[in-house]
Every structure is written in C-alpha cells, then in structure tokens.
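Each chain, written out:
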Amino acid sequence: KQEVTQIPAALSVPEGENLVLNCSFTDSAIYNLQWFRQDPGKGLTSLLLIQSSQREQTSGRLNASLDKSSGRSTLYIAASQPGDSATYLCAVADRDDKIIFGKGTRLHILP
Amino acid sequence: GAGVSQTPSNKVTEKGKYVELRCDPISGHTALYWYRQSLGQGPEFLIYFQGTGAADDSGLPNDRFFAVRPEGSVSTLKIQRTERGDSAVYLCASSLWGGTSGAQETQYFGPGTRLLVL
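Quick summary incoming for the structure in this document. (Residues numbered from 1 in each chain as written. Chains lettered and ligands numbered in written order. Predicted model: local features only at pLDDT ≥ 70, side-chain atom pairs only at ≥ 80, totals over all residues. Heavy atoms only, no water.)

1. A few points about the side chain of Gln-34 of chain A
Note the following rule: The helix and strand labels rest on DSSP assignments: H or I over at least four residues marks a helix, E over at least two residues marks a strand, and numbering proceeds from the N terminus. Accessibility here uses a 1.4 Å probe with only protein chains present; expressed as a share of the type maximum, an area under 20% marks a residue as buried, one over 50% as exposed, and anything in between as partly exposed. Under the rule applied, a polar contact is a pair of N or O atoms within 3.5 Å (in protein, one hydrogen donor and one hydrogen acceptor; residues adjacent in sequence only if both atoms are side-chain atoms). Whether two residues are in contact is decided by their heavy atoms, any of which lying within 4.5 Å being enough.
Tracing the chain through its elements places Gln-34 of chain A in strand β4 (residues 30-38). Judged by relative accessible area, Gln-34 of chain A falls into the buried class, the value being 1%. Side-chain polar atoms of Gln-34 of chain A contact the side chain of Ser-46 of chain A, separated by 2.9 Å. Not counting chain neighbours up to four residues away, the residues in contact with Gln-34 of chain A comprise Ser-46, Leu-48, Leu-49, Leu-89, Cys-90, Ala-91 and Ile-99 of chain A together with Glu-105 of chain B.

Laid out in structure tokens, this is it:
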C-alpha cells in the first residue's frame, strides 16, 4: 500500500530564506507527483505536477524535484515571503489511479 | 463561477442525524472526486465519478456513506446516522476527463465542507 510521508510536519523560518520541504513515498510505481498548497479554510491549489518520466518542474520561486527510484521529492522555495505561509501537501498518483496525500508541512514565514 | 463550489461551507449536526453535502464541479468536467480530510491529515480518497456512475467507491468507510451524481454534474455526498468520528473537512474535486488516467490529470479542488458532529 502506497504511503506518503512529509518531513518536517511544521517549519518556521524568517522571511527571505530559502527552504526545502521533503516528501517520500513507499511505492515507486507512480504516474506523477504533485505539490499542493492549502490555506486555512480553503481548498487545495496545485503548485507543481511532475510526471514520472520527469526529474523536476519549476514555477517562479518554486522548484520541485522527483527521484522516483528512491521514492523522494523535494519542494524548494526561494526567497520566502510571508504570503508563502500555508500547508504544503505532497501527493502521488499511484498504480490504482488514486491520489495519495501526505499529511503536509505547515509552513510559517516570519516577517 | 469558474471553480468548484461546495455547500454548505460549514455544517454542525448531532450524532445520529443525516447530512447531505453538495458539490458543483467545473462546468464540462466529466470526473468528480470526493475526499475526506481529518485534522492534521492529508485528504483521503472516498469516491470517484465518471459521468453519472461511481467508477470507484472503494474509499467509502462504510455503508453509512453514499454519493450520487444523477445528471453527471452536481454531486451529493450523503452520510446517515452520523458519528463523531465523521467530523472532518469533505473536499470535492473535478477534472476534465477522468477515465483510466483520472489521477494523472490536474484535479481542481473546492473549498470543502467542514462537518462537525456533536
């Protein structure tokens, strides 16, 4: 059974710092991996989607990498801003055609 | 509106009552998904519709949970004899095609319905 783990569970950093969020998954047979953002009381917003054949995706200050063989992904946020404060969820589309989510990392950027 | 909408945004009910949660997907989206997110957890898959039919309901926790999508657009998640453990945020998402590659498409999420069972 696919399991997705995110480390750390929570993170507080000063504004302007670069940071890395980690995600690991137990079954490498995935279609893709996505990083989502969830703000309090809001739904999920897809940030980056990496297909299984890809190694990374970039969007603005965000860069996500995927190492399928080792079951790992990282989300790199450059020059963090207070507006980046949210919960970041990692999710994989598994062989059963379901999306399996991690528990998320709660990020707080200190002004 | 252009996005997925869910109503109500919040629902408080008493143990044993029946509740209905509604999801309006993006117009033209064939696939619709329901997820449940408990406090401190990631969303967990409940059921997936392809058009009017439930293509996969393997995530429904028990027979108190049921969902319909009679006309292939709006969906209703129904919970009978609610229990305190049903308290969670229920998220709906839609995607354009679904099918065998449903999880490979971008899913667009609604804001969720926060259900509290007292």
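2. Observations regarding the packing of aromatic side chains
Note the following rule: Only Phe, Tyr and Trp rings take part, Trp by its six-membered ring, and two of them pair if their centres are within 6.5 Å. Stacked means planes under 30 degrees apart, edge-to-face means over 60, and tilted covers everything else.
According to the stated counting rule, one finds eight aromatic pairs over all chains in the structure shown. Taking 4.8 Å as the distance between ring centres and 10° as the angle between the ring planes, the aromatic pair formed by Tyr-33 of chain B and Tyr-48 of chain B counts as stacked. Placement of the pair is Tyr-33 of chain B in strand β4 (residues 31-37) and Tyr-48 of chain B in strand β5 (residues 44-50), with a sequence separation of 15 residues. Across this residue pair, the class does not change: Tyr-33 of chain B and Tyr-48 of chain B are buried. Aromatic pair Tyr-35 of chain B and Phe-109 of chain B: ring centres 5.4 Å apart, planes at 40°, arrangement tilted. Note that Tyr-35 of chain B is positioned in strand β4 and Phe-109 of chain B in strand β10 (residues 108-109), a separation of 74 residues in sequence. Each member of the pair Tyr-35 of chain B and Phe-109 of chain B is classed as buried. The rings of Phe-36 and Phe-101 of chain A together with Tyr-33, Tyr-35, Phe-45, Tyr-48 and Phe-109 of chain B are connected pair by pair, giving a single aromatic cluster.

3. Here we look at the interface of chain B and chain A
For clarity, the threshold we go by: Summed over both partners, the accessible area lost on bringing two parts together, with a 1.4 Å probe, is the buried area. Note that Gly is not counted as nonpolar here; it falls among the polar residues with everything else outside the nonpolar set of Ala, Val, Leu, Ile, Met, Phe, Trp, Tyr, Cys and Pro and the charged set of Asp, Glu, Lys and Arg.
Each side of the interface is counted separately: chain B has 23 residues, and chain A has 19 residues. Both sides of the chain B and chain A interface together cover about 1600 Å² of buried area, and 52% of this is carbon and sulfur. Remark: the boundary between chain B and chain A carries three residue pairs in polar contact (both at pLDDT 80 or more). Classifying every residue of the side of chain B that touches chain A by side-chain character gives seven nonpolar, 13 polar and three charged.

4. Structural notes on the state of the cysteines
Residues and elements named next belong to chain A. We apply this condition: By disulfide we mean two sulfur atoms from cysteines, separated by a distance within 2.5 Å.
This structure, assessed with the given rule, holds two disulfides over all chains. A disulfide bridge connects Cys-23 with Cys-90, and the sulfur atoms are separated by 2.0 Å. Taking the sign of the S-S torsion, about -65° here, the bridge from Cys-23 to Cys-90 comes out left-handed. Taken as a pair, Cys-23 in strand β3 (residues 19-25) and Cys-90 in strand β9 (residues 86-94) lie far apart in primary sequence, 67 residues in all. Residue Cys-23 shares its accessibility class with Cys-90, and that shared class is buried.

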